[in-house]
Amino acid sequence: MNPPPVPSAVPPHMYHVPERDRDEDHLKMLALFHFIVAGIAAAGFAVTVTHYMIMKSILGSRVQMVTSSSGEELAIITPMPPLMKWGYVFALVLFIGGITLNGLSGWFLLKHRHRKFSLATAAFNCVQFPIGTILGVFTFIVLNRSTVRLKYYAAHAPHLPLA
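Because the structure is predicted, anything quoted here is derived from the model rather than measured.

Asks: Explain the overall build of the protein here, please?
Replies: Across its full length, the protein carries 5 helices and 2 strands. Seen in sequence order, the protein has helices and strands lined up from the N terminus as α-β-β-α-α-α-α. Counting every position in the protein, which comprises 163 residues, the buried fraction comes to 25%. Pairs at least 24 apart in sequence give 60% of the contacts found in the protein among residues at least 6 apart. Carbon and sulfur atoms make up 73% of the accessible area of the protein, which totals about 11300 Å².

What follows is the structure, given as structure tokens:
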């Protein structure tokens, strides 16, 4: 006589997730993480603006006393160095780009639209080590699956046959 089978800890219906459900879950998670990275970029934008204001008040308030040729003393306020200002502009442009690209990409991932835009955003994210790199690599992996490509194709052209 054989003993009865031992029930497993995982119910049988949870062994296999259908391919399309898995793809849909992965696309939703990617969209969520794109929104999170956009939020991180927005926080970086706010920190950069705050830092600029503090540095402008510190560096812009330096007073240098200079004696003129006529012998009187003049107070000159030295401005923030131009290279520093351009560094802030560069950082703000990157943050605005990160907010815009990741926000749109997250929205497009939810709607199954503009796959190439999301791939371009993934390439932009790969430069932002480590979180952006991880997000970019996983975006490439998920969006290059044949089943996901088919899902985008079906969403883009619902009137065309899939075969």
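Asks: Please clarify how the environment of Leu-30 should be interpreted in this entry.
Replies: Structurally, Leu-30 can be placed in helix 1 (residues 19-59). Expressed as a C-alpha distance, the spacing of Leu-30 and Leu-110, which sit 80 residues apart in the sequence, is 8.8 Å.

Asks: Which parts of the structure should I look at to understand the environment of Phe-140?
Replies: Assignment of secondary structure puts Phe-140 in helix 4 (residues 131-143). The partly exposed category is assigned to Phe-140, whose relative accessible area is 28%. Put simply, Phe-140 and Thr-121 are 19 residues apart on the chain and 10.0 Å apart in space, counted from C-alpha to C-alpha.

Asks: What exactly am I supposed to notice about a nonpolar patch on the surface here?
Replies: There is a patch of nonpolar side chains on the surface, built from Met-29, Leu-32, Phe-33, Ile-36, Ile-40 and Ile-131 and spanning about 550 Å² of accessible area. At 5 residues, helix 1 tops the list of elements feeding residues into the nonpolar patch. Tracing the chain through its elements places Ile-40 in helix 1. Residue Ile-40 is classed as partly exposed on the basis of its relative accessible area, which comes to 45%.

Asks: Explain the side chain of Ser-105 to me, please; I cannot follow it from the model alone.
Replies: If you trace the backbone, Ser-105 turns up in helix 2 (residues 82-111). According to the relative accessible area criterion, Ser-105 is buried, its value standing at 0%. Of the polar contacts made by the side chain of Ser-105, one reaches the side chain of Ser-118; its length is 3.1 Å. Sequence-distant contacts of Ser-105, that is, excluding residues within four places in its chain, are made with His-34, Phe-117, Ser-118 and Thr-121.

Asks: Mind showing me how you'd approach unusual backbone geometry here?
Replies: As a rule of thumb, non-glycine residues mostly have phi less than zero, and peptide bonds are mostly trans rather than cis. A cis amide bond links Phe-129 to the next residue, Pro-130, at an omega of 0°. In this fold, Pro-130 is placed in the loop between helix 3 (115-126) and helix 4. For His-112, which is not glycine, the phi torsion reads 55° and is therefore positive. Inspection of the secondary structure assignment puts His-112 in the loop between helix 2 and helix 3. Classification of His-112 as buried rests on a relative accessible area of 13%. Positive phi is not limited to glycine here, since His-114 has a value of about 50°.

Asks: Explanation requested: the packing of aromatic side chains in the structure shown.
Replies: Think of a pair of aromatic rings as described by two things: how far the centres are apart, and how the planes are tilted against each other in angle. Summed over the entire model, instances satisfying the criterion amount to 2 aromatic pairs. Ring geometry for Tyr-52 against Tyr-88: centres 5.2 Å apart, planes inclined by 75°, an arrangement best described as edge-to-face. Highlighted residues: Tyr-52 in helix 1 and Tyr-88 in helix 2, separated in sequence by 36 residues.

Cut-offs used in this document
Residues numbered from 1 in each chain as written. Predicted model: local features only at pLDDT ≥ 70, side-chain atom pairs only at ≥ 80, totals over all residues. Heavy atoms only, no water. Helix = DSSP H or I, 4+ residues; strand = E, 2+ residues; numbered from the N terminus. Buried < 20%, exposed > 50% of the residue type's maximum accessible area, 1.4 Å probe, protein only. Contact = heavy atoms within 4.5 Å. Areas by Shrake-Rupley, 256 points an atom, 1.4 Å probe, with all protein chains shown as cover. Patch = residues over 30% accessible without salt bridge, like charges linked within 9 Å, V, L, I, M, F, W, Y side chains within 5 Å. Salt bridge = Lys/Arg side-chain N within 4 Å of Asp/Glu carboxyl O. Polar contact = N/O pair within 3.5 Å; in protein donor to acceptor, adjacent residues only side chain to side chain. Phe/Tyr/Trp six-rings, centres within 6.5 Å; stacked < 30°, edge-to-face > 60°.

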